[in-house]
Amino acid sequence: MDTQDFYFELPPGQIAQHPPARREEARLFCLCRGQRPLHRRIGALAEYARPGDVWVFNDTKVVKARLWGRKASTGGRVELLVTEPLEGGLSMGEGLGRPLAGQAWRCMGRSSKGFRVGERLLLGEGEGKGEGLRAEIHSLEEGGFIGVVFEGEGSMGGVLERWGHTPLPPYIRRRATPEDSRRYQTTYAQAEGSIAAPTAGLHFTPALMEALRGAGARLAFVRLDVGLGTFMPLRGPRIEAHPMHEEACFVSEEAAGVVNEALEGGKRVIAVGTTVVRCLEGCSEGGRLEAGHRRTGIFIYPGYRFRVVGGLLTNFHLPCSTLLMLVAAFWGREEILEAYREAVAEGYRFYSYGDAMWLEGGGALAGSF
């Protein structure tokens, strides 16, 4: 299948640069199998909940993983996005609590004149937090990645909390503000480990979650630490050749029990976001969700047969992205592209701070509604 099969035209002005004033103000594009699309607000989502549903959320927390600074030798500006420990196969979340000394971290780096091994960096200067953070380039990797060794005491988590900034995606063309540290985070986030937000969850307030419970639905929480696997672009023409980066995920015994009870009873399992889809499908065996820690590099595109997920809430995604391919696998490629064209015509806001889409009648229970 060709990457360009998932292209659509999107006016740059519809890429949301700021969140709505309130989470509940987001628009909701509703697709229910066999019905015409409806254009509503996110608060209407509870009307689609049914008794016995299980709505599954990703409770990962975004790390302040972006660092700004300069090269010690030339003063040239640098930007780093810290993604994961370079050695040991650890995820971001697993590495945050470890001692800083001696660890090399994989970063996405930007500089006007590139980097060289041994180059020293001064990060966070002039931000009113002290004299700054010192680091050294450890290695150069393909795709713009670099290995960086940070100096100082304490843990990486402590360093990023002090010096880091909220890692807004590159299509949000501004620096993060203190407000973003709150709004680019779900209200139910628990454990730090992600370099991007599970954005479908950004729409949920405690009141909306209580409304789901009031409709008879059950809520469950899993964790997928959002990393490179979620947003790395496809670089080749054929999607089958794309290597997905693995991401760490965790399913508790409680969450697995609730989901499996729903599956056994013929009830719907609703994924709040594509990261939840990847966690549920990547951690399932034989039609059951397995509890425990694992890593998943699952790549879902049309032709995939869903085992767990029977309903989906998701934001609008980039053209030709792996996330758009996942949604197309759930609903149908031509149908989802037609819906995206309608969303563009109706003025929906796209991507992380944008509006949401509700998909009912695809995935594991397609044809049963």
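Before reading on, note that the structure itself is shown above.
What comes next is a walk through the structure. Not measured: the values here are computed from a predicted model.

**Thoughts on the environment of Leu224**
Here comes step 1: Residue position: Leu224 is located in strand 12 (residues 218-224).
Here comes step 2: Here Leu224 falls in the buried class, since its relative accessible area comes to 0%.
Here comes step 3: Between the C-alpha atoms of Leu224 and Thr275, which are 51 residues apart in sequence, the distance is 6.4 Å.

**Regarding the pairing of strand 10 (residues 145-150)**
Here comes step 1: Burial analysis of strand 10 places five of its six residues in the buried class, the great majority of the element.
Here comes step 2: When strand 7 (residues 104-111) meets strand 10, the two strands line up antiparallel, connected through five bridges. Across the sheet, Ala104 pairs through a bridge with Val149, a residue of strand 10.
Here comes step 3: Where strand 9 (residues 133-140) lies against strand 10, five bridges are found, and the strand directions are antiparallel. Residue Ser139 lies in a different strand from strand 10, and its bridge partner there is Gly147.
Here comes step 4: Between the antiparallel neighbours strand 9 and strand 10 lie four residues, among them Gly143 with a positive phi of about 75 degrees.

**Comments concerning the pairing of strand 3 (residues 54-58)**
Note on strand geometry: in a regular strand, side chains alternate between the two faces of the sheet.
Here comes step 1: Of all five residues in strand 3, five are buried, a share of seventy percent or more.
Here comes step 2: Burial along strand 3 is two-sided: the residues Val54, Val56 and Asn58 and Trp55 and Phe57 are all buried.
Here comes step 3: In this sheet, strand 12 lies alongside strand 3 in parallel orientation, the contact comprising five bridges. The residue of strand 12 that forms the bridge with Val54 is Arg218.

**Here's the deal with the sheet that holds strand 17 (residues 292-296)**
Here comes step 1: Read across the sheet, nine strands follow the order 2-1-19-18-14-3-12-13-17 without closing on themselves; strand pairing throughout is mixed. The open sheet has two edge strands with one neighbour each: strand 2 (38-41) and strand 17. Sheet twist, expressed as the average angle between the axes of neighbouring strands with direction ignored, equals 25 degrees.
Here comes step 2: For strand 18 (residues 311-315) and strand 19 (residues 356-360), the ladder comprises five bridges, and the chain directions are antiparallel.

**What about the side chain of Thr60?**
Here comes step 1: Relative to the helices and strands, Thr60 is located in strand 4 (residues 60-62).
Here comes step 2: A polar atom in the side chain of Thr60 sits 2.7 Å from the side chain of Ser194.
Here comes step 3: There is a polar contact of 2.9 Å between the side chain of Thr60 and the side chain of Asp225.
Here comes step 4: When near neighbours in sequence (up to four residues on either side) are disregarded, Thr60 contacts Gln185, Thr186, Ala189, Ala191, Gly193, Ser194, Pro198, Arg223, Leu224, Asp225 and Val226.

**Concerning the packing of aromatic side chains**
Here comes step 1: The final tally for this structure, using the stated rule, is 20 aromatic pairs.
Here comes step 2: With a centroid separation of 4.9 Å and 65 degrees between ring planes, the pair formed by Phe299 and Tyr301 is classed as edge-to-face.
Here comes step 3: For Phe299, a relative accessible area of 14% translates into the label buried.
Here comes step 4: Residue class for Tyr301 comes out partly exposed when judged on its relative accessible area of 23%.
Here comes step 5: Arranged with centres 5.3 Å apart and planes meeting at 70 degrees, the rings of Phe316 and Tyr340 form a pair that is edge-to-face. Taken together, the residues Phe316 in the loop between strand 18 and helix 8 (322-331) and Tyr340 in helix 9 (residues 333-345) connect sequence positions 24 residues apart.
Here comes step 6: Phe316 gets classed as buried once you look at its relative accessible area, which sits at 1%.
Here comes step 7: The class for Tyr340 is buried, based on a relative accessible area of 0%.
Here comes step 8: Every member of this aromatic cluster is reached through a ring pair, and the members are Phe8, Phe29, Tyr171, Phe316, Tyr340, Tyr348, Phe350 and Tyr351.

**Let's talk about the sheet that holds strand 10**
Here comes step 1: Pairing within the closed barrel is antiparallel, and its six strands lie in the order 5-6-7-10-9-8. Ignoring which end each strand starts from, the neighbouring axes of this sheet average 45 degrees apart.
Here comes step 2: For strand 5 (residues 66-71) and strand 6 (residues 77-85), the ladder comprises five bridges, and the chain directions are antiparallel. Opposite Trp68, over in strand 6, you have Glu79 as the bridge partner.

Parameters at a glance
Residues numbered from 1 in each chain as written. Predicted model: local features only at pLDDT ≥ 70, side-chain atom pairs only at ≥ 80, totals over all residues. Heavy atoms only, no water. Helix = DSSP H or I, 4+ residues; strand = E, 2+ residues; numbered from the N terminus. Buried < 20%, exposed > 50% of the residue type's maximum accessible area, 1.4 Å probe, protein only. Pairing = 2+ DSSP bridges. Axes fitted to C-alpha atoms, helices over the stretch in contact; angles between N-to-C directions. Polar contact = N/O pair within 3.5 Å; in protein donor to acceptor, adjacent residues only side chain to side chain. Contact = heavy atoms within 4.5 Å. Phe/Tyr/Trp six-rings, centres within 6.5 Å; stacked < 30°, edge-to-face > 60°.

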